[in-house]
Amino acid sequence: VIVVHGGAGERHADDNARQAQGGCLVAARAGHAVLEKGGSALDAVVAAVTVLENDPQFNAGRGSALNADGEVEMDASVMTGDLQAGAVAAVKGIANPVQLARLVMEKSKHVLFSAEGAHRFARAHGVPFVDPASLITERARKRLASLGTVGAVARDKQGRLAAATSTGGTTGKRPGRVGDTPLIGCGTYADDEAGACSCTGLGEAIIKVTLARAAVDRLRSGEDPNAAAAAVAATLARAKGDGGLILIDAKGRFGLAFTTKRMSRAWVSSDGSFGSGFD
Ligand code: ASP
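Everything numeric here is computed off the predicted structure, so don't read it as measured data.

### Focus on the sheet that holds strand β8 (residues 195-201)
Sheet architecture is open: four strands sit in the order β7-β8-β9-β10, paired in antiparallel fashion. Two strands bound the open sheet, and with one partner strand each, they are β7 (188-191) and β10 (254-258). For this sheet the average axis-to-axis angle between neighbouring strands, irrespective of direction, equals 10 degrees. As paired strands, β8 and strand β9 (residues 243-249) are joined by seven bridges and run antiparallel to one another. When the sheet's bridge partners are listed, Ala 196 is paired in β9 with Ile 248. In the packing of helix α8 (residues 225-233) onto the sheet, contacts are made with β9 and β10, and the angle to β10 comes to roughly 25 degrees.

### So, the layout of surface pockets
Of the volumes computed, that of the second largest pocket is approximately 160 Å³. Lining the second largest pocket are Val 1, His 32, Leu 35, Glu 36, Arg 155, Asp 156, Lys 157 and Ser 270. A per-element tally of the lining of the second largest pocket places helix α1 (residues 14-36) first, with three residues. Split into classes, the residues belonging to the lining of the second largest pocket amount to two nonpolar, two polar and four charged.

### Some details on α8
Those residues of α8 that sit buried are Pro 225, Ala 228, Ala 229, Val 232 and Ala 233. In a view along the axis of α8, the buried residues occupy a sector of 125 degrees, so they form one face of it. Where α8 is buried, its residues meet α7 (211-219), β9 and β10. Two to three positions downstream of the cap, the backbone nitrogen of Asn 226 sits 3.1 Å from a side-chain oxygen, assigning the N-cap of α8 to Asp 224.

### Observations concerning the packing of aromatic side chains
Applying the stated criterion across every chain, the model contains two aromatic pairs. Judged by centre distance (5.7 Å) and plane angle (45 degrees), the rings of Phe 254 and Trp 267 are tilted. With Phe 254 in strand β10 and Trp 267 in strand β11 (residues 262-268), this pair connects stretches of sequence that are 13 residues apart. For Trp 267, a relative accessible area of 22% translates into the label partly exposed. It is Arg 29 that lies over the ring of Phe 274; its NZ or CZ is 4.2 Å from the centre.

### Comments concerning the sheet that holds strand β5 (residues 150-155)
Sheet architecture is open: eight strands sit in the order β4-β3-β2-β6-β5-β1-β11-β12, paired in mixed fashion. The open sheet has two free edges, formed respectively by β4 (112-114) and β12 (274-277), since each of these has just one partner strand. On average, each strand axis in the sheet is inclined to that of its neighbour by 10 degrees, with strand direction left out of account. As paired strands, strand β2 (residues 74-80) and strand β3 (residues 84-91) are joined by six bridges and run antiparallel to one another. Paired with Ala 76 across the two strands is Val 88, which belongs to β3. Taken strand by strand, helix α2 (residues 41-54) contacts β1 (2-9), β2, β5 and β6 (161-167), and its axis lies near 160 degrees from that of β5. Each of β3 and β4 touches helix α4 (residues 115-124); the most contacted strand, β4, lies at about 110 degrees to it.

### Details of the side chain of Arg 265
One can find Arg 265 in strand β11. Of the buried charged residues, Arg 265 lacks a salt bridge, with Asp 279 as the closest side chain of opposite charge at 6.9 Å. Polar side-chain contacts of Arg 265 include one of 2.9 Å to the backbone oxygen of Met 263. The residues contacting Arg 265, other than those within four sequence positions of it, are Val 4, His 5, Gln 21, Cys 24, Leu 256, Phe 258, Ser 276, Gly 277, Phe 278 and Asp 279.

### A closer look at the packing of α2 against helix α3 (residues 97-107)
Angle between the axes and distance between the axes are the two parameters that describe a pair of packed helices. Two elements in contact, α2 and α3, have axes separated by 8 Å at closest approach and are oriented at 150 degrees. In terms of their interaxial angle, α2 and α3 are classed as roughly antiparallel. Note on element contacts: α3 touches α2 through Pro 97, Val 98, Gln 99, Arg 102, Met 105 and Glu 106, opposite Leu 42, Asp 43, Val 46, Val 49, Thr 50 and Glu 53.

### Observations regarding the site of the ligand
The environment of the ligand is formed by Thr 149, Thr 167, Gly 169, Thr 170, Arg 177, Asp 180, Thr 181, Thr 200, Gly 201 and Gly 203. Measuring from an oxygen atom of the ligand, one finds a side-chain N or O atom of Arg 177 at 2.8 Å. Relative to its unbound accessible surface of 270 Å², the ligand loses 94% to contact with the protein. Split into classes, the residues belonging to the shell around the ligand amount to no nonpolar, eight polar and two charged.

### Quick notes on the nonpolar core
Ile 2, Val 4, Val 78 and Leu 100 are the most contacted members of the largest nonpolar core, which has 48 residues in total. No other element matches the eight residues that α2 contributes to this core. Core analysis: the next-biggest nonpolar cluster, separate from the first, contains 36 residues, Val 216, Ala 239, Leu 245 and Leu 256 among them.

Cut-offs applied
- Residues numbered from 1 in each chain as written.
- Predicted model: local features only at pLDDT ≥ 70, side-chain atom pairs only at ≥ 80, totals over all residues.
- Heavy atoms only, no water.
- Pairing = 2+ DSSP bridges.
- Helix = DSSP H or I, 4+ residues; strand = E, 2+ residues; numbered from the N terminus.
- Axes fitted to C-alpha atoms, helices over the stretch in contact; angles between N-to-C directions.
- Contact = heavy atoms within 4.5 Å.
- 1 Å grid on protein atoms, 1.4 Å probe; cavity = no way out; pocket = protein on both sides within 12 Å on 5 of 7 lines; lining within 4 Å.
- Points joined across faces, edges and corners; volume = space filled by probe spheres on them.
- Nonpolar A, V, L, I, M, F, W, Y, C, P; charged D, E, K, R; others polar.
- Buried < 20%, exposed > 50% of the residue type's maximum accessible area, 1.4 Å probe, protein only.
- Arc of directions from axis to C-beta.
- Polar contact = N/O pair within 3.5 Å; in protein donor to acceptor, adjacent residues only side chain to side chain.
- Phe/Tyr/Trp six-rings, centres within 6.5 Å; stacked < 30°, edge-to-face > 60°.
- Lys NZ or Arg CZ within 6 Å of the ring centre and 35° of its normal.
- Lys, Arg positive; Asp, Glu negative; His and termini not counted.
- Salt bridge = Lys/Arg side-chain N within 4 Å of Asp/Glu carboxyl O.
- Parallel < 35°, antiparallel > 145°, perpendicular 65-115°, else oblique.
- Near = heavy atom within 4 Å.
- Areas by Shrake-Rupley, 256 points an atom, 1.4 Å probe, with all protein chains shown as cover.
- Core = buried A, V, L, I, M, F, W, Y, C linked by side-chain atoms within 4.5 Å.

These figures capture arrangement, not role.
What follows is the structure in structure tokens.
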């Protein structure tokens, strides 16, 4: 089972939202193809998020929101249900931050690298750099309400869970600002004994309620994932923010919730059935 989101938000027109829903389905199918071949949940979420980072309509990779200096500065993280995690914050000129986050998880003894340290780690591992300008789209330059952050959660044939999230952050953010996305327990969490979660929305609020970990913890008692997602999403109001999340439990049941007007998403289940939505 794989579920993906293309970000929570208010402002985009129906046409854009529908297009984002389509983009989510393409990504979910790419991730599901990996699972069908017996691939791991980690391979699946990274494949799905890579598709979304490469799709310029989403606020991740190419198409990322611009910071106050007019630059793209991205955050991403991955986590697997055996409690391994990797993340990068405030990286520039990297086409697929989610893949760099995975490298941090697999090839370093640390969890999170930021800015220049992340760039040095990328160089040392042969990750190609792209011209930072190539990640900037006309849409982002006009500071149009960017479509959201992207993320995925999956359960593979062996019952392993994984989650991944990637973002350009909030439009006009101060350089160096880091949101919830690369913070384990905030934007992303996975635990094979409970569930996996990927979040979107106002990072400053998500961090304060440690949304992803709070959501996964509710699954430990067997709570329905939709009910768990709704309960934790409601806590964002106390931190004066809005957002959403996708959630999968150890059995592969999934759920989602958002306090914004929209959150584009798509899923493909183990029997090949699929769905998508934005309202
Ligand atoms: N959560 C992201 C951040 O605050 C933004 C988003 O999800 O739209 O960086």
